[in-house]
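Residues per chain are reported as follows:
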Amino acid sequence: MLKKCKWDETHIFDSREKHCCNFLCKKCYLEVYLTYASLFTIDEFEENIDFIKRQKDLILSKDLSEADKSICQMLGEDTLVKINLFEQMYG
């Protein structure tokens, strides 16, 4: 059965494929979820997927300070998203 990926609805995958979740295509599981796995279980990620996408869009659309630019260059842009998500959830 073909399903749309919840992270990127342009991605279609066969739900009979055996990988670790049933709402993300394998590519998004590997490239997106595993990036956030230190903050979220797979169930928490599914519950918060829209919030995570909004936070990622918000961070990537704003003008970054020099410190934030350095973080992005050294550790990747998702690090800023994770910091922001952590602050939003626990701060």
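Check the entry above for the structure.
Scope of this entry: the structure provided in the associated data block. (Residues numbered from 1 in each chain as written. Predicted model: local features only at pLDDT ≥ 70, side-chain atom pairs only at ≥ 80, totals over all residues. Heavy atoms only, no water.)

Next up on the list: the pattern of salt bridges. Here the structure, examined in full by the defined rule, presents five salt bridges. Between Lys56 and Asp78 there is a salt bridge; the shortest N-O distance is 2.8 Å. Taken as a pair, Lys56 in helix 3 (residues 49–61) and Asp78 in helix 5 (residues 77–90) lie far apart in primary sequence, 22 residues in all. With respect to burial, Lys56 and Asp78 carry one shared label: buried. Between Glu66 and Lys69 there is a salt bridge, with the nearest N and O atoms lying 3.6 Å from each other. Note that Glu66 and Lys69 are positioned in helix 4 (residues 66–75) at a spacing of three residues, about one turn of the helix. Residue classification places Glu66 among the exposed residues on the basis of a relative accessible area of 58%. Owing to a relative accessible area of 38%, Lys69 belongs among the partly exposed residues under this scheme. (Salt bridge = Lys/Arg side-chain N within 4 Å of Asp/Glu carboxyl O. Helix = DSSP H or I, 4+ residues; strand = E, 2+ residues; numbered from the N terminus. Buried < 20%, exposed > 50% of the residue type's maximum accessible area, 1.4 Å probe, protein only.)

Aromatic ring pairs are described here by two measures, namely the spacing of the ring centres and the angle between the planes. Evaluated as defined, the whole model comprises six aromatic pairs. Considering the side-chain rings of Tyr33 and Phe45, the 5.2 Å spacing of their centres and the 70° angle between planes classify their relative orientation as edge-to-face. Taken together, the positions of Tyr33 in helix 1 (residues 26–36) and Phe45 in helix 2 (residues 42–47) put the pair 12 residues apart, joining distant regions of the chain. Phe45 gets classed as buried once you look at its relative accessible area, which sits at 0%. (Phe/Tyr/Trp six-rings, centres within 6.5 Å; stacked < 30°, edge-to-face > 60°.)

Here we come to a nonpolar patch on the surface. Together, Phe86, Met89 and Tyr90 make up an exposed nonpolar region whose accessible area comes to about 320 Å². You can see Met89 is positioned in helix 5. Judged by its relative accessible area of 32%, Met89 is partly exposed. (Patch = residues over 30% accessible without salt bridge, like charges linked within 9 Å, V, L, I, M, F, W, Y side chains within 5 Å. Areas by Shrake-Rupley, 256 points an atom, 1.4 Å probe, with all protein chains shown as cover.)

Time to look at the nonpolar core. Core analysis: the largest hydrophobic core is formed by 22 residues, its most contacted members being Trp7, Leu24, Tyr36 and Phe45. A total of five residues in this core trace back to one element, the largest contributor, which is helix 1. Aside from chain neighbours lying at most four places away, what touches Phe45 is Trp7, Phe23, Leu24, Val32, Tyr33, Tyr36, Phe40 and Ile52. (Core = buried A, V, L, I, M, F, W, Y, C linked by side-chain atoms within 4.5 Å. Contact = heavy atoms within 4.5 Å.)

This part takes up the packing of helix 4 against helix 5. For the pair helix 4 and helix 5, interaxial distance at closest approach is 6 Å and the crossing angle is 120°. On the basis of their axis angle, the class for helix 4 and helix 5 is oblique. Contacts between helix 4 and helix 5 involve Asp68, Ile71, Cys72 and Leu75 from the former and Glu77, Thr79 and Leu80 from the latter. When grouped by side-chain class, the residues that make up the contact of helix 4 with helix 5 number four nonpolar, one polar and two charged. (Axes fitted to C-alpha atoms, helices over the stretch in contact; angles between N-to-C directions. Parallel < 35°, antiparallel > 145°, perpendicular 65-115°, else oblique. Nonpolar A, V, L, I, M, F, W, Y, C, P; charged D, E, K, R; others polar.)

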